[in-house]
Amino acid sequence: MVGGKKKSQLSQNEKKLIIYSVKKHKTKHVLFIGGEPTLYIREMNDIILRLSNMDIKFRMTTNGHFARSKSEALEVLSSINRLSGVNLSYDRLHAKFLPEQNIKNLFAACEELKINFSIIMAMMSPMDLVLLKKLNKIGRFTIMPQKLLPIGSAKLNNIGYKYPSFDEGVLKKLCPNRRVIIYMCGQGFTSCCSSLALCARPGRVIHHTVGHHLNSEFYKLISKYTFRKMMRELGVSGLKMLPEDSAPCVLCEHVFRARYGESL
């Protein structure tokens, strides 16, 4: 994945580093995430062009703002080289400012260009499943419901999926991102897309190269251990768990903050 918010645009050196890393590690899938990737089409195309000799599938996650008409959606999608898939980010909040017609236009444009289309739907409560009925009327495509995490602006506004109590089943799980490498603009490589990566100091969770990240204590822990075993390895067993810790990413931040505190 390529994304990030702390810096709005990749430098030339960062692009070179990403391209070198993708080639070195023989990456098969590259996902451009946000902010909003369609604001940086030139940068996306520059990276894609330099990887033209590799068999890679390129996808992006978008908020669909540009799909005010089918023709506008076609124009934007056609301007991105080798785009094979589009994920539309959608939830109750998006529904307030993203017209249903935008979704229809984006889906129709993807169908015409033979680009795979799917929707990632973040839920704040089980009641949000009613949104599925509206989406299912638009057409046949994959919808991936996931619980909204209290990350970034959602955390600042105290928005997130509300768990009634702590679900101990999460302790048996592994990190859902353990097979993903993300490049955070202006920061480095990580496997974390939660608040942990957004606030950690360089060298603990985010690293300058993919190699440094894969050999880091952080990556070895999240890729090898369940959360219960990870807590034992870090010596933080017996933490008081809150309902929101039922989400793996929230639990992970809780565990590492308990171990490292402000030095994280």
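Residues numbered from 1 in each chain as written. Predicted model: local features only at pLDDT ≥ 70, side-chain atom pairs only at ≥ 80, totals over all residues. Heavy atoms only, no water.

A few words now on the packing of aromatic side chains. Per the stated rule, a full pass over the model turns up eight aromatic pairs. On the numbers, 6.4 Å between centres and 20 degrees between planes, the contact of Phe-32 with Phe-58 is stacked. Here the residue Phe-32 occupies a position in strand E2 (residues 29-32), and Phe-58 occupies one in strand E3 (residues 57-62), the gap between them amounting to 26 residues. The two residues Phe-32 and Phe-58 agree in class, both being buried. Each ring, one from Phe-107 and one from Phe-141, has its centre 4.9 Å from the other, and the planes form 65 degrees; the classification is edge-to-face. One end of the pair, Phe-107, is in helix H5 (residues 100-113); the other, Phe-141, is in the loop between helix H6 (131-136) and strand E6 (142-147), and 34 residues separate them in sequence. Residues Phe-107 and Phe-141 agree in their burial class; the two are buried. Ring pairing ties together the aromatic residues Phe-107, Phe-117 and Phe-141, which thus form one cluster. It is Lys-147 that lies over the ring of Tyr-161; its NZ or CZ is 5.2 Å from the centre. (Phe/Tyr/Trp six-rings, centres within 6.5 Å; stacked < 30°, edge-to-face > 60°. Helix = DSSP H or I, 4+ residues; strand = E, 2+ residues; numbered from the N terminus. Buried < 20%, exposed > 50% of the residue type's maximum accessible area, 1.4 Å probe, protein only. Lys NZ or Arg CZ within 6 Å of the ring centre and 35° of its normal.)

Side chains of Lys-172, Arg-228, Lys-229 and Arg-232 sit close together on the surface and give a patch of like positive charge. Along the chain, Arg-232 turns up in helix H11 (residues 227-234). Accessibility expressed as a relative area gives 55% for Arg-232, which makes it exposed. (Patch = residues over 30% accessible without salt bridge, like charges linked within 9 Å, V, L, I, M, F, W, Y side chains within 5 Å. Areas by Shrake-Rupley, 256 points an atom, 1.4 Å probe, with all protein chains shown as cover. Salt bridge = Lys/Arg side-chain N within 4 Å of Asp/Glu carboxyl O. Lys, Arg positive; Asp, Glu negative; His and termini not counted. Charge placed at Lys NZ, Arg CZ, Asp CG, Glu CD.)

Turning our attention to the pattern of salt bridges. Enumeration according to the criterion identifies seven salt bridges in this entry. With a closest N to O distance of 3.0 Å, Asp-46 and Lys-15 form a salt bridge. In this pair, Asp-46 is assigned in helix H2 (residues 41-50) and Lys-15 in helix H1 (residues 12-24), connecting sequence segments 31 residues apart. With respect to burial, Asp-46 and Lys-15 carry one shared label: buried. Two residues, Lys-104 and Glu-100, come together in a salt bridge whose shortest N-O distance is 3.8 Å. One end of the pair is Lys-104 and the other is Glu-100, both in helix H5 and four residues apart, which spans about a single turn. On the accessibility criterion, Lys-104 (35% relative accessible area) is partly exposed. Relative accessible area serves as the criterion here: at 31%, Glu-100 is assigned to the partly exposed category. Connected through salt bridges with shared partners, the residues Lys-15, Asp-46 and Arg-50 form a single ionic network.

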